[in-house]
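Coordinates in review
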Amino acid sequence: MSVRREDFDYIRMLLKEHSGVALEDGKEYLLEVRLSPLYDEMKVDSIAEMVQLLRRDNSAALRERVLNCLLTNETYFFRDIHPFEMLRTEVLPELFAARAAKRHLRIWSGACSTGQEPYSVAMIVNDLLERFPGFTVEILATDIAEENLERAMSGQYSHAEVNRGLPAQMLIRHFTKKEAVWQVNESIRRMVTFRKLNLFGSWAGIDRADLILLRNVLIYFEQDAKKEIIGRIRRNVADGGAVILGASETVLGLSEEFHIVHAGKASLYRPKAAEPVAVLSGVKR
Ligand SMILES: C[S@@+](CC[C@H](N)C(=O)[O-])C[C@H]1O[C@@H](n2cnc3c(N)ncnc32)[C@H](O)[C@@H]1O
């Protein structure tokens, strides 16, 4: 069944307003693939009827339910492995050393989907804490989609999900098998706090973090929106902190406020120090 142009345009307008995610021309099929599982629940049997319902019904909850289905939530444990190796061997030990006085680290996973990314970080941090006793590490994980966060908070993953990227010894150490699912152990689960957050909304209550992971979400935004979010990320990363993006993402062309550090097959973005201000002369150097 084909999707009418006006219905496609209406839904992609709503999606961009809701999440900043831009659906390009030619992605009409995505509507059919991702929305048809909602037909029974919404008592409709075509995209055209769904659009009618969305236009008629002013319920934000309904709109959110539909639009979240169009977001790509693909993720897996230790996705792309190299950034996680870099975290384990270089970035986190350096941050622990740099924060020795405060003995506190703050990490933020900014589009965490169903939780595999923050739990991967938590497993690494858990190992490192043996070398850096007395530290407290807060891991905040946020996403726009409540459905993802519910799954993430449950800490339950299918056999297929734990088979993607998670090393066997990590599975044995940090998960417990419960019938058909694997449950993340409490020791790892309690390290991560999940919270709903739209990157384009308010970041009130999100403290500056020493490490920010914002992986595989910028790719869905248009250039101006990417710039806006990278600018906000720069303001939310602590001095001496670091930002990690997805493998196909970069700050190049978006911001001049980061140094790019290549470490093997992974890249890291370090905020440039603020320019010193010549207070006496009142002249900015
Ligand atoms: C492809 S997943 C990436 C998950 C994880 N970071 C990774 O790299 O494996 C993209 C996530 O971004 C979320 N997302 C999309 N737009 C968002 C927005 N405006 N604010 C917050 N999260 C958003 C989606 O819900 C989805 O969970």
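Keep in mind that this is a model prediction, so the values were computed, not measured.

1. Focus: the pairing of strand E10 (residues 266-271)
- Across 6 bridges, strand E9 (residues 258-263) lies against E10 in antiparallel orientation. Across the sheet, residue Val-261 finds its bridge partner in E10, namely Leu-268.
- Here E9 hands over to E10 after 2 residues, with Gly-264 in that stretch at a positive phi of 60 degrees.

2. Looking at the domain arrangement of the protein chain
- According to the domain assignment, the protein chain contains domain 1 (5-69) and domain 2 (82-271).
- Taking only C-alpha atoms, the centre of domain 1 and the centre of domain 2 are 30 Å apart.

3. Regarding the nonpolar core
- Ala-122, Ile-139, Ile-212, Leu-214 and Val-243 are the most contacted members of the largest nonpolar core, which has 73 residues in total.
- Here this core takes 6 residues from helix H6 (residues 82-98), the largest share from any one element.
- Here Leu-214 is in contact with Gly-110, Ala-111, Ile-233, Val-243 and Leu-245, once residues within four sequence places are set aside.

4. A look at the sheet that holds strand E3 (residues 156-157)
- Pairing in this open sheet of 3 strands is antiparallel, and the strands run E3-E5-E4 from one edge to the other. Across the chains shown, the open sheet's two edge strands, defined by having one partner strand only, are E3 and strand E4 (175-178).
- Bridge analysis of E4 against strand E5 (residues 181-184) gives 4 bridges, and the strand direction is antiparallel. Looking at E5, one finds that Thr-176 is bridged to Gln-183.

Parameters and conventions
Residues numbered from 1 in each chain as written. Predicted model: local features only at pLDDT ≥ 70, side-chain atom pairs only at ≥ 80, totals over all residues. Pairing = 2+ DSSP bridges. Helix = DSSP H or I, 4+ residues; strand = E, 2+ residues; numbered from the N terminus. Domains from an automatic or database assignment. Core = buried A, V, L, I, M, F, W, Y, C linked by C-beta atoms within 7 Å. Buried ≥ 20, exposed ≤ 12 C-beta atoms within 10 Å, placed from the backbone. Contact = placed C-beta atoms within 7 Å.

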